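So the chains spell out like this:
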Amino acid sequence: MSTTVEELLAVAPLPEAFTAKDLVTDQDIRWCPGCGDYSILKQVQTVLPELGLNREEIVFISGIGCSSRFPYYMETYGMHSIHGRATAVASGLKATRPELSVWIITGDGDSMSIGGNHFIHLLRRNFDVNILLFNNEIYGLTKGQYSPTSERGKITKSTPMGSVDHPFNPLALVMGADGTFVARSMDRDPIHLRTILRRANAHTGTSLVEIYQNCNVFNDGAFEVFTEKSSKTEETLMVENGQPLIFGAAKDKGIKLDGFTPRLVSLADHSADDLWIHDEKDRMKANMLTRFFDDPAKEEHFPRPFGVFYQEDRFTYETELNLQIETAIATKGKGNLDRLLSGGNVWEVK
Amino acid sequence: MEHTTLQATDATILFAGDSGDGIQLTGDQFTTTTALFGNDVSTFPNFPAEIRAPQGTLAGVSGFQIKFGSDEIHTPGDNCDLLVVMNAAALKANLKQLKPGGMIIANTEGFDAKNLRLAKFPEGVNPLDDGSLHSFKLFTLDVTRLTKLTLEGSGLGTKEIDRTKNMFVLGFIYWIYNRPVENTIKFLEQKFAKRPDIVEANVKTLKAGYNYGDTTETFMQRVQVNPAKIAPGVYRNINGNPATAIGLIAASQKSGLPLYLGSYPITPASDILHELSRHKNFGVRTFQAEDEIGAICSAIGASFGGSLAVTTSSGPGIALKTEAIGLAIMLELPLVIINVQRGGPSTGLPTKTEQADLMQAMYGRNGEAPMPIIAAQTPSDCFYAVYEACRIAVEHSTPVFFLSDGFLANGAEPWMFPKADDLKPINTNFATGIEQGQKFLPYQRDEKLARKWAVPGIKGLEHRIGGLEKEHETGNISYDPDNHEFMVKLRAEKVEKVADYIPLQSLDNGPEKGKLLVLGWGSTYGSIKTAVIRALAEGLSVAHAHVRYLNPFPKNLGEILNNYEYVLIPEMNNGQLVRIIRDKYLIAAEGFNKIKGMPFTSEELFNKIKTLT
């Protein structure tokens, strides 16, 4: 028998602390100047050294698209796989190497169009991985076609008369697939993004972070209303566990639950105690929160929530899989190859 | 009553009935008992794609053919000596398989007006009593009534009693061929461990069938086929799919690599997934993915992590995996891709056998994407061939295709299984670390042109791989024109280099030089071998070589081909190996093709050989 992975890891050099700088590779970054991806890369590189991970145990796996170039810029283990399949590649890696810290980098097209199937199945299996979903509501790498998250009527190269597709609501899809950690952040709010990344890493199970990311070339300003100082406070709802849903520049607006119906209220005539208190463990409420998905141009509309919508502790696939192996060994004994080869029903020819 | 006993060197039985009649189980039981008795055996299960096709119809007929003998047996037999039919449709569908003068055992209940109508016999015609079967030895049994009588007072319902009727038939056939019933009793006790009443009923019916032979007043000739004079050793019975599964576990154990299977159910490959999932105590991780693409991509992830990664499928599933296979070629990670071929194209003939995916394995990817291909030739050979596929994948850091087919997957034969210690070692090719200040080069190569396997978790080996073209040695993305051409040729050379690490091609039978070489691959092995042995016995100048390594070919294959005036390539497809051989060696090889979802008979091959020698 030759060297096994276990033996290899047993004699490997000891881990060392690392800094954000150690995570920078020697490759030139090929994203367009001004792309939101730069900020996300920066926040990831900033947060990772704080998490108590060993650098050699971090793996970034991506599919295809602009965002999927990400692993090339991270001095960790990485794989730039094929379109839509990062989730499937990561599943196999995590199933066999549960101790690794696995990060999936994907975009709206990669995860929800071509890779939709693996995406939902990874979520329901709840592998302990982190998915960073860069949502820019456009196909960037192929130069500007509409994506499954583009709004209806979007005029692009492939939809000169406007898209007739009804778009996905990504977090509603994730809730529908029984995701156990559901969060939203944005490229333009580094502090918020770093907080959410830390939370994602701390969660055991699939952590899904949708990141609103500006494509300044093909879909510039798609999220402007949520990210620009002038409108951000009115249009966004920063949810925090145990806190009432309050928003607005003067923190003068809130959301109240009237039975099963959320209502926009003014704090002028409502007390904060009457408001919807955010509870990350409440699946029903989280489902409703994901439905705060109005077009900000609409007259009466809910603000767009950011933060951790939902968090649930549920068994992970790899734990159960590896438990079955331990159980099988405990009950049947470690497999004996000669016994397997003979099969039990043998005869001898003399 | 006294019965005469005929001594025979071999016998072929075809069991046929509704797919719900328990035909496959009856055949399996007869096979195991016969193998344990010491005969050489070969089997061919043939069943409809539908789980429960309409009862009594021609479409619903399920068959199981077994040939066993006191000499070596290489095929499940061209035609049968005994045809056992549970209904009229089974007779109609299989009568042409019966040898002239052969025996028919027919279940009379299956020939009532309804069954005759369903089998599309003309109104008022019953082949059992209209004399149309006069050239055969016809033996009718009212199995249903006899079973009912046997289980009278057992307390079981009509339906449950009816379900044991295949045991009556099996018992009767055991009697004819003088086989012990004990092995089947043991099987029944295990299968119905939770229902002692069902065990008792089945055993009673089985014995009743056996005793019926002894006591019946009807003339019946028993047949004695003595144990085979096969090589001394310890044997077991094995089907191709379990042999494949065991081969994978063996490779995992011998290499020290944990086995990972990413798979999606598909006929006729699913049994490999089933078998492997039963062996978790060998550390085997099986993952039933959401689709074929997820299955192979998860295997690629597992391989990146240092597992012996495998994906199993059949033609349509392989088509879906194609892009990911290209990725594995680019990543240069070990991966075994198993294709248990079936009739195509598209959904094709899911339960029938074919060898029509060789071109798919050889060329079916975008870009220049060569990879090694190995094909198994008998059910037990699936073990050795898949073991070789694992060895090449690991030692040469490449995906490898393993080709089996429906005939091998479900067919069975006795196997003198090896000892674990006697299996060839499989050496891993891990990168273990890097000197301080040095940079790890993920695409640096060894003498095999294989790159090192650098698994996550080792400090200093952090690196990125992906589907974009790689720069030589560094593995960085490169769009450089010269580098691309260099890398395309390097990847091809790497696959060609495998030829230095595989055995030379040998002849299976026949002279080293002569008039005709029959060149086969895959599951046609037994039929070709049988036909060539017969042709040699008749003094014809013919030899047989069977190619197991289809890419790269063994280095001496061209030399062998040139030693004969003609090369005949029989294939269960429309001519695939023949094209590759013509292309590579520029010889006028001739194809001989059968595309009926059925294996060649040795008779067909023998006749063809005769016309060319």
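Residues numbered from 1 in each chain as written. Chains lettered and ligands numbered in written order. Predicted model: local features only at pLDDT ≥ 70, side-chain atom pairs only at ≥ 80, totals over all residues.

**Description of the overall build of chain A**
We apply this condition: Helix and strand labels come from DSSP, where a helix needs a run of H or I of at least four residues and a strand needs a run of E of at least two; each type is numbered from the N terminus. Contact between two residues is assigned whenever their backbone-derived C-beta positions fall within 7 Å.
Check the secondary structure of chain A and you find twelve helices and twelve strands. Each principal axis of the C-alpha distribution contributes one length, and for chain A these read about 95 × 50 × 45 Å. Sequence separation of 24 or more characterises 65% of the internal contacts of chain A that already satisfy a separation of 6 or more.

**Overview of the overall build of chain B**
Threshold: Only C-alpha atoms enter the radius of gyration; for comparison, a globular chain is expected to reach 2.2 Å times N to the power 0.38, where N is the number of residues. The exposure label follows from counting other C-beta atoms within 10 Å of a residue's C-beta, where the C-beta atoms are placed from the backbone and the thresholds are 20 or more for buried and 12 or fewer for exposed, leaving partly exposed in between.
When its secondary structure is counted, chain B shows 20 helices and 23 strands. For 613 residues, the compact-globule estimate of 2.2 N^0.38 gives 25 Å, and chain B sits close to it at 27 Å. Dimensions of chain B along its principal axes, counting C-alpha atoms only, are 90 × 60 × 50 Å. Out of the 613 residues belonging to chain B, those deemed buried represent 55%. In chain B, once contacts between residues fewer than 6 apart in sequence are set aside, the share between residues at least 24 apart is 76%.

**A short note on the sheet that holds strand β11 (residues 285–288) of chain B**
All names here are of chain B. Our working definition: Strand pairing is defined by DSSP finding a minimum of two bridges between the two strands. Orientation is described by axes fitted as lines to C-alpha atoms, over the contacting stretch for helices, and by angles from 0 to 180 degrees between their N-to-C directions.
Read from one edge to the other, the open sheet built from seven strands follows the order β11-β10-β12-β13-β15-β14-β21, with strand pairing classed as mixed. Looking at which strands have only one partner, the edges of the open sheet turn out to be β11 and β21 (549–551). The mean inter-strand angle of the sheet, taken between neighbouring strand axes irrespective of direction, is 20°. Where strand β10 (residues 259–263) lies against β11, four bridges are found, and the strand directions are parallel. By the bridge assignment for β11, Ser263 is matched with Gln288.

**Here we look at the sheet that holds strand β6 (residues 98–107) of chain B**
Pairing between the strands of a sheet comes from backbone hydrogen bonds, and it takes one of two forms, parallel or antiparallel. Residues and elements named next belong to chain B. Taken in spatial order, the six strands make up an open sheet running β3-β4-β2-β5-β6-β7, and their pairing is mixed. Pairing within the sheet leaves two strands with one partner each, and these edge strands are β3 (40–46) and β7 (137–141). When the angles between neighbouring strand axes are averaged without regard to direction, this sheet yields 15°. Inspection of the sheet shows strand β2 (residues 10–18) paired to strand β4 (residues 61–69) by nine bridges, in the antiparallel sense. Pairing of Ala11 across the sheet is with Phe68, part of β4.

**Regarding the packing of helix α9 (residues 240–255) of chain B against helix α14 (residues 381–395) of chain B**
Residues and elements named next belong to chain B. Put simply, the test is: Each crossing gets its handedness from the near helix: less than a right angle anticlockwise from the far helix is left-handed, clockwise is right-handed. Residues are grouped as follows: nonpolar covers Ala, Val, Leu, Ile, Met, Phe, Trp, Tyr, Cys and Pro; charged covers Asp, Glu, Lys and Arg; every other residue, Gly included, is treated as polar.
Closest axis-to-axis distance for the α9/α14 pair is 7 Å, and the angle between their directions is 40°. Crossing geometry of α9 relative to α14 is assigned as right-handed. Every residue of α14 that contacts α9 at Gly240, Ala243, Thr244, Ile246, Gly247, Leu248, Ala250, Ala251 and Ser255 is listed here: Cys382, Phe383, Tyr384, Val386, Tyr387, Cys390, Arg391 and Val394. Looking at the contact of α9 with α14 residue by residue, the classes come out as twelve nonpolar, four polar and one charged.

**So, the nonpolar core**
The cut-off we apply is this: To count as a nonpolar core, a set of buried Ala, Val, Leu, Ile, Met, Phe, Trp, Tyr and Cys residues must be joined through C-beta atoms within 7 Å.
Ala16(B), Val84(B), Ile300(B), Cys390(B) and Phe402(B) are the most contacted members of the largest nonpolar core, which totals 241 residues. The element contributing the most residues to this core is α14(B), with eleven residues. Ile300(B) has contacts with Val89(A), Gly92(A), Ala309(B), Ala324(B), Leu327(B), Ala328(B), Leu331(B), Leu333(B) and Leu335(B), leaving out every residue within four places of it along the chain. Counting eight residues, the second-largest nonpolar core is a separate cluster that includes Leu8(A), Phe430(B), Ala454(B) and Ile458(B).

**Let's talk about the domain arrangement of chain B**
Residues and elements named next belong to chain B. Threshold: Boundaries between domains were set according to an automatic or database domain assignment.
The domains assigned to chain B are domain 1 (5–225), domain 2 (237–422) and domain 3 (507–612). Distance from the C-alpha centre of domain 2 to the C-alpha centre of domain 3: 26 Å. Contact residues are listed per partner, giving 23 residues for domain 2 and 20 residues for domain 3. Going through the elements one at a time, α13 (358–363), β14 (373–375), β15 (399–405) and α15 (406–410) are the ones with two or more residues in the side of domain 2 that touches domain 3.

**As for the pairing of strand β12 (residues 308–313) of chain B**
Residues and elements named next belong to chain B. How we decide: Note on handedness: a clockwise path from strand one over the helix to strand two, with the strands aimed away from the viewer, defines a right-handed crossover.
Taking burial as the measure, the six residues of β12 include six buried ones, the bulk of the element. Alternating positions in β12 separate into two faces, Leu308, Val310 and Thr312 on one and Ala309, Thr311 and Ser313 on the other, with burial throughout. Pairing analysis gives four bridges linking β12 to strand β13 (residues 335–341), with the strands arranged parallel. Within β13, the position partnered with Thr311 by the bridge is Ile337. Taken together, β12, helix α12 (residues 315–331) and β13 constitute a β-α-β crossover, and its handedness is right-handed.

**Observations concerning the packing of helix α1 (residues 23–37) of chain B against helix α7 (residues 182–191) of chain B**
Residues and elements named next belong to chain B. What counts is decided by this rule: Note on angle classes: values under 35 degrees are labelled roughly parallel, values over 145 roughly antiparallel, values of 65 to 115 roughly perpendicular, and the remainder oblique.
As a packed pair, α1 and α7 sit with axes 9 Å apart at the nearest point and diverge in direction by 130°. Our classification of the angle between α1 and α7 gives oblique. Crossing hand, α1 versus α7: right-handed. Residues Gln29, Thr32, Thr33 and Leu36 of α1 pack against Asn183, Thr184 and Phe187 of α7. Class assignment for the residues of the contact of α1 with α7 results in two nonpolar, five polar and no charged.

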